[in-house]
Amino acid sequence: MLAGCGAGTCQVVVTSPMEMLKIQLQDAGRLATQKVVGGEAAAAVPPPQRPSALLIARDLLRTQGISGVYKGLGATLLRDVPFSIIYFPLFANVNKLGQKSPQQKAPFYHSFFAGCFAGSVAAVAVTPLDVLKTRIQTLKKGLGEDTYNGIMDCARKIWSNEGPAAFMKGAWCRALVIAPLFGIAQVVYFIGIGEYVLGYFK
């Protein structure tokens, strides 16, 4: 669990800016199609440039500095550190059930299943934290959408405006994405493909 905590903390430093840019790219164009309250359609004004990760990163760095790229770092840590704390011990124990002896590796299909199971459980468990992270990192707000002043303010507004069920939005979709991702990763690791590739270049 401590190793998972350390791994989760280290990877967030690298992946948090990528998460930030990913959310802005996925959200691009949403406001252009939004309706004005009262039934009148808003004039969709095309952006001067097609959104890109490079353009968004440049604008954030120019207007907000390095802190703009790392907006939502605390929420990302709150999601990814518990994910790693849950995932790694759970995978290790489930994978161990497929070992005939401590000296033998589990069959690749068992490692795949263990990775899928542990990844999906961890993903569902931290979904409320993922919802908070996504809300905080969405920079452009539409008509009537809340703005958030930190993690606690975001959690309070979601609870009061949308109810507790809102914290589990997208849980099963996250599980469907994370499960095969970690299942494949564990199969690749346990079969030793990485070692084989590295050995080829020696």
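For the protein, an unreviewed UniProt entry supplies the name Mitochondrial glutamate carrier 2 and the organism Engystomops pustulosus. Taken directly from UniProt, the Subcellular location (unreviewed entry) text for the protein runs: "Mitochondrion inner membrane". The annotation that UniProt attaches to the protein under Sequence similarities (unreviewed entry) is "Belongs to the mitochondrial carrier (TC 2.A.29) family."

Next up on the list: the UniProt feature "transmembrane region" (unreviewed entry) in the protein. The UniProt entry lists residues 108-132 and 175-198 under the feature "transmembrane region" (unreviewed entry), expressed in the numbering used here. In the segment residues 108-132, helix accounts for 96% and strand for 0%; the C-alpha atoms at its two ends are 36 Å apart. Taken as a whole, residues 175-198 contains 96% helix and 0% strand, while its terminal C-alpha atoms sit 31 Å from one another.

Taken as a whole and judged by the stated rule, the model has 9 aromatic pairs. A centroid spacing of 5.9 Å and a plane angle of 80 degrees characterise the contact between Phe108 and Tyr109, whose relative ring orientation is edge-to-face. On the basis of relative accessible area, Tyr109 is assigned to the exposed category, the value being 54%. Considering the side-chain rings of Tyr200 and Phe201, the 5.6 Å spacing of their centres and the 85 degrees angle between planes classify their relative orientation as edge-to-face. Ring pairs connect the aromatic residues Phe83, Tyr87, Phe88, Phe91 and Phe182, which therefore count as one cluster.

The next point concerns the packing of helix α4 (residues 73-96) against helix α5 (residues 108-125). In the contact formed by α4 and α5, the axes pass within 8 Å of each other and the chain directions differ by 150 degrees. With respect to their mutual orientation, α4 and α5 come out roughly antiparallel. When you trace α4 past α5, the crossing you get is right-handed. Residues Phe83, Ile86, Tyr87, Leu90, Phe91, Val94 and Asn95 of α4 form the contact with α5, whose participating residues are His110, Ser111, Phe113, Ala114, Gly115, Phe117, Ala118, Gly119, Val121, Ala122, Ala123 and Ala125. Class assignment of the residues belonging to the contact of α4 with α5 gives a composition of 14 nonpolar, 5 polar and no charged.

The end-to-end C-alpha distance of helix α8 (residues 171-191) is 30 Å, a good match for the 30 Å that 21 residues give at a rise of 1.5 Å each. Buried within α8 we find Ala171, Arg174, Ala175, Ile178, Ala179, Gly183, Gln186 and Val187. Those residues of α8 that are buried are in contact with α4, α5 and α6 (127-137). Two residues or fewer past α8, Gly192 is found with a positive phi of approximately 90 degrees.

So, on to α4. Here α4 contains 24 residues, and its C-alpha end-to-end distance of 34 Å stays within 8% of the 34 Å for a straight helix at 1.5 Å per residue. Taken together, the buried residues of α4 touch α1 (2-27), α5, α6, α7 (151-162) and α8.

Thresholds applied
Counting restarts for each chain, with residues numbered from 1 along the sequence as it is written. Restriction of local features to residues with pLDDT of at least 70 applies here, the model being predicted, together with a cutoff of 80 or more for giving and counting side-chain atom pairs; totals for whole chains, interfaces and linings are based on all residues. Side-chain metrics rest on all non-hydrogen atoms present in the structure, leaving aside hydrogens and water. UniProt positions are given in the numbering used here, feature names are shortened, and annotations may be inferred rather than shown by experiment. Helical segments are the DSSP runs of H or I of at least four residues, strand segments are the runs of E of at least two, and each set is numbered from the N terminus. Aromatic pairing here means that ring centres of Phe, Tyr or Trp (its six-membered ring) are within 6.5 Å. Orientation follows from the plane angle: under 30 degrees is stacked, over 60 is edge-to-face, and everything else is tilted. Burial classes follow relative accessibility: with a 1.4 Å probe on protein chains only, a residue under 20% of its type's maximum area counts as buried, one over 50% as exposed, and anything between as partly exposed. Helix axes are fitted only over the stretch in contact, all axes being lines through C-alpha atoms; the angle between N-to-C directions runs from 0 to 180 degrees. Note that the term roughly parallel is reserved for angles under 35 degrees, roughly antiparallel for angles over 145, roughly perpendicular for angles of 65 to 115, and oblique for everything else. Definitions for this section: a left-handed crossing has its near helix turned counterclockwise from the far helix by less than a right angle. A right-handed crossing has that turn clockwise. Only heavy atoms enter the contact rule, under which two residues are in contact if any of them lie within 4.5 Å. Three residue categories are used. Nonpolar comprises Ala, Val, Leu, Ile, Met, Phe, Trp, Tyr, Cys and Pro, charged comprises Asp, Glu, Lys and Arg, and polar comprises the others, including Gly. To estimate the expected span of a helix, subtract one from its residue number and multiply by 1.5 Å.

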